[in-house]
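# Structure at a glance
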Amino acid sequence: MPVILNGKKNKRYNEDGTGLLERILGGALYIDPPYNGRQYLPYYHVLETAAKYDFPKVKGVTAQREYEDNKSKFCLKMKALEVFGELIRNARYNYIILSYSADGLMGLSDIENIMKT
């Protein structure tokens, strides 16, 4: 793939966002965490492979990569609020834009309380 230069000092990251937010800051942050019990990685496995530029063992008709060691805590009802709170506490941004389903694992009042603190 060709590299397209825009004359700016762009950076890219391929790591857990919660930990990353401890080290970076900015003007606006858009987050779109998983909102139900379905893990995202099986659906975005091609993007994951492109981002990592690795050659994983794949399985099934759709050639999905293994993800057992990469499950998101956002997909676990007992952990979602905890990891969301950590993510928001670590975010040093002027504005945070959240995309989240009304029928997600976290309730609106819990989300509001975390984002207001």
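Residues numbered from 1 in each chain as written. Predicted model: local features only at pLDDT ≥ 70, side-chain atom pairs only at ≥ 80, totals over all residues. Heavy atoms only, no water.

All right, on to the layout of surface pockets then. Put simply, the largest pocket is a space of about 1,200 Å³. Taken together, 31 residues form the lining of the largest pocket, with E15, D16, G17, P34 and S72 sitting closest to its centre. Put simply, the parts of the chain that give the lining of the largest pocket at least two residues each are α1 (17–20), β1 (25–31), α2 (45–52) and α3 (80–90). Ranked by residue count, the leading element in the lining of the largest pocket is α2, at four residues. For the lining of the largest pocket, the per-class residue count stands at 17 nonpolar, six polar and eight charged. Roughly 160 Å³ of volume is contained in the second largest pocket. Around the second largest pocket, the lining residues are R12, Y13, N14, A50, A51 and Y53. (1 Å grid on protein atoms, 1.4 Å probe; cavity = no way out; pocket = protein on both sides within 12 Å on 5 of 7 lines; lining within 4 Å. Points joined across faces, edges and corners; volume = space filled by probe spheres on them. Helix = DSSP H or I, 4+ residues; strand = E, 2+ residues; numbered from the N terminus. Nonpolar A, V, L, I, M, F, W, Y, C, P; charged D, E, K, R; others polar.)

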